[in-house]
Amino acid sequence: MFLLNRRNFLQMTAGAGALTAAGMRPALAATGADVFTADPMGGLVDSTLVVGEERLLLIDAQFTAPNAQRLADVIAATGKTLETIFITHYHPDHHLGLAILMERFPEAKPVAHASVQPLIAGAAQAMLDGMKQALPPELFGDTAVIPEALPGDTLELEGERFDILGPVHGDTEVITPVHLPQLDTLVAADVLYQDTHLWVAENLTGEDLNKWRATLDDLESLGAGTVIPGHRTESSANDASVYAHMRTYLDAWEAAMDVQGSAEDLRAAMIEAVGDLPGGLFLDRGVAAARG
């Protein structure tokens with residue numbers, strides 16, 4: 001379960017840097033698919049917009065209402081119809097924004113892979129209630145929207161089919177990246193992070209980390225020129241350089257967990273190894289999980 005409270009949420013925001021006027025604008029990068037990156041308060045989440053002649057496919061729906069509203073503005077500005085919203089995994093920072101998007105685009109169809117949909121259905125309302133208790137409630141919509149389960153392993157847009165990969169192991173056990181070979185693009189979701197700390201709270205053993213590493217190998221072997229991670233800074237590259245960041249971080253996390261000492265010692269070891277990156281909350285939750 002992705003847990004936040006008011007204190008560590010504010011720590012995450014501070015660790016990622018003060019919000020600037022630029023950081024509050026919709027962040028789109030032309031990559032073959034358009035990428036919207038949340039501000040630090042929204043967890044630096046990437047949403048990917050696949051643009052057709054008349055219709056759109058959205059992959060992941062943001063966390064906070066302000067970021068979902070800005071994403072909705074970007075979608076509306078295209079003048080195209082949002083047809084499908086695909087959610088890659090059950091973590092709330094990728095689907096709590098669905099309520100806002102469905103208010104703006106009620107004809108859109110929210111969906112998830114059959115391996116992911118039951119996880120969202122079983123946790124979304126509790127996640128929303130917990131967030132609204134821990135954080136300013138205006139950061140979130142009024143309801144938890146549950147996507148429908150897809151019957152297969154592909155997404156479609158205007159006759160083009162895109163492969164849903166997995167489920168695979170990343171920062172949680174069940175993640176479904178999307179391969180867009182027609183666009184030379186991989187939407188990796190939370191298998192990959194770029195230039196930020198990782199959510200490592202669900203990867204506390206060498207076995208788990210090796211499963212994550214194996215997923216990296218499998219995704220890298222696809223050879224996609226554009227690689228869109230689940231989280232990144234607004235200025236981060238969307239390319240294969242992400243794999244080096246991931247391997248360095250996972251190696252550092254495994255080594256740091258073997259060091260005896262307090263939670264503070266573990267956190268300090270990670271900062272020394274990888275730097276004081278944005279997304280400090282992700283590291284803090286991992287440290288808390290590892291040191292109990």
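Remember, it's a predicted structure, so these values are computed and weren't measured experimentally.

Q: In this structure, what is going on with the environment of A290? I would like to understand it.
A: For A290, the location among the structural elements is in helix α8 (residues 280-291). Of the residues examined, A290 reaches a relative accessible area of 26% and is grouped as partly exposed. Put simply, A290 and V200 are 90 residues apart on the chain and 9.1 Å apart in space, counted from C-alpha to C-alpha. What A290 contacts, discounting residues up to four positions off in sequence, is L204, W253, M257 and L266.

Q: Even after reading the chapter, I still don't get the packing of aromatic side chains, so can you show me in this structure?
A: Aromatic ring pairs are reported here in terms of the distance separating the ring centres and the angle at which the planes meet. Evaluation of the coordinates by the stated rule reveals 3 aromatic pairs. Summarising the aromatic geometry, the rings of F63 and F140 are spaced 5.3 Å apart at their centres and angled 65° between planes, so their arrangement reads as edge-to-face. Taken together, the positions of F63 in the loop between β4 (55-59) and α2 (65-77) and F140 in the loop between α4 (117-134) and β7 (148-149) put the pair 77 residues apart, joining distant regions of the chain. Judged by its relative accessible area of 2%, F63 falls in the buried class. Put simply, the rings of Y193, W199 and F282 touch in pairs and so form one group of aromatic residues.

Q: Got a minute to help me understand α8 in this structure?
A: Along its 12 residues, α8 runs 16 Å from first to last C-alpha, staying within 8% of the 16 Å computed at 1.5 Å per residue. Taken together, the buried positions of α8 are G280, L281, F282, L283, D284, G286 and V287. Trailing α8 by a residue or two, G292 shows a phi angle of about 60°, which is positive.

Cut-off values and rules
- Residues numbered from 1 in each chain as written.
- Predicted model: local features only at pLDDT ≥ 70, side-chain atom pairs only at ≥ 80, totals over all residues.
- Heavy atoms only, no water.
- Helix = DSSP H or I, 4+ residues; strand = E, 2+ residues; numbered from the N terminus.
- Buried < 20%, exposed > 50% of the residue type's maximum accessible area, 1.4 Å probe, protein only.
- Contact = heavy atoms within 4.5 Å.
- Phe/Tyr/Trp six-rings, centres within 6.5 Å; stacked < 30°, edge-to-face > 60°.
- Expected span 1.5 Å × (residues − 1).

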